[in-house]
Every structure is written in structure tokens, then in C-alpha cells.
Amino acid sequence: ATTFIYGGLTVGAPFAPLVWTFALIAGLIDLGQEIAHDAVDMAGDAAAGSRSLAIQLGPDVAISVGAALFLLVIVVSAVPLLLGWLSVVYLLPILLMDGVILAATVRLLDAHVTDKRPHLRRIYLTSTAAILLIIVLRLLL
């Protein structure tokens, strides 16, 4: 998230709403990823003496909190378009990111899915790619 804030500082726009919106999106994705991934790696965390949310309240709670953060990303990602900060050309990468986040989050919440790692990875990689595409489009347009 701080990458966006530092980028805003670099170009003289540290308080630009778009800077903070993308910082929030990146922060929520990272936080959701960390919390949900703790549920996947409880054995390692327990061996290291971690007091993660998954260890304290259980893996289902950690997955649910991570999923809620991922769903919040979808809501926040609509803000730049709804407020006219970005043109419609950005709709495709945002819809792609939000679609993958939604599908992967549904799978994370599915109790029948035993290996949740690929879905967490999918969220992280697709979100990173979509944000990079938005940055490239912003530089070119």
C-alpha cells in the first residue's frame, strides 16, 4: 500500500484520492491474504509461536475475515469509476480483478475446498496484474 503513497509523494500528489484509493485496495488485498493464509499455514505458525487470528479464533474465522476484506476490495475498486476519477477504459482490468476476487473468495468460503492456497494465489496475482495494467494505462492515456 505504501508504494502508492510514495508514488503520490514522488509526483507531488500525496493527498490525491486516487492514490489513497489504490493504497487502500493494495492494503486490503495484502491484509486479507495474510489473514486467510494464516488459516492455511496454522501448523507452521503454531510451531513458530505465532498468535495469529487463525490460531486464536480458528481457521474458519480467519478465512471469513480474509474473505470479507476481499469483498471490501470489490466495493472500493468501484469508487474511482463511480466518482469519475478513472475513465471507462479502466473498467476491463477492474472487472477482471473483481471477478477473480469474487470467484476465488467463493471457493475460499466453500468448506469442501480443502486446498485454499491456489485461490489465495489467484487473488494476489490477478490483483497485482490488474493494478499494474491500470498503472500502465494511466501512463499511456
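Residues numbered from 1 in each chain as written. Predicted model: local features only at pLDDT ≥ 70, side-chain atom pairs only at ≥ 80, totals over all residues. Heavy atoms only, no water.

S.K.: Is there a simple way to explain the packing of helix α2 (residues 17–40) against helix α5 (residues 59–82) in this structure?
M.R.: Helices that pack against each other are described as a pair by the angle of their axes relative to one another and the distance between those axes. Axis separation between α2 and α5 bottoms out at 8 Å; the angle between their running directions is 165°. In this view, α2 runs roughly antiparallel relative to α5, as classed from their interaxial angle. Crossing angle aside, the handedness with which α2 passes α5 is left-handed. For the contact of α2 with α5, the class distribution of residues is 20 nonpolar, 5 polar and no charged. (Axes fitted to C-alpha atoms, helices over the stretch in contact; angles between N-to-C directions. Helix = DSSP H or I, 4+ residues; strand = E, 2+ residues; numbered from the N terminus. Parallel < 35°, antiparallel > 145°, perpendicular 65-115°, else oblique. Left-handed = near helix turned anticlockwise from the far one by under 90°. Nonpolar A, V, L, I, M, F, W, Y, C, P; charged D, E, K, R; others polar.)

S.K.: How should α5 be read in this particular structure?
M.R.: The terminal C-alpha atoms of α5, which comprises 24 residues, lie 35 Å apart, in line with the 34 Å expected from a rise of 1.5 Å per residue. Turning to α5, its buried residues are Ala62, Ile63, Gly66, Ala67, Leu69, Phe70, Val73, Val76, Ser77 and Pro80. (Expected span 1.5 Å × (residues − 1). Buried < 20%, exposed > 50% of the residue type's maximum accessible area, 1.4 Å probe, protein only.)

S.K.: Any chance you could explain helix α7 (residues 117–140) here in plain terms?
M.R.: The periodicity of an α-helix, 3.6 residues per turn, causes residues three or four positions apart to be oriented the same way. With 24 residues, α7 ought to run about 34 Å at 1.5 Å a step, and its terminal C-alpha atoms sit 34 Å apart, in line with that. Those residues of α7 that fall on the buried side of the exposure criterion are His119, Leu120, Ile123, Thr126, Ser127, Ala130, Ile131, Ile134 and Leu137. In this structure, the buried side of α7 is in contact with α1 (2–10), α2, α5 and α6 (91–109). (Contact = heavy atoms within 4.5 Å.)

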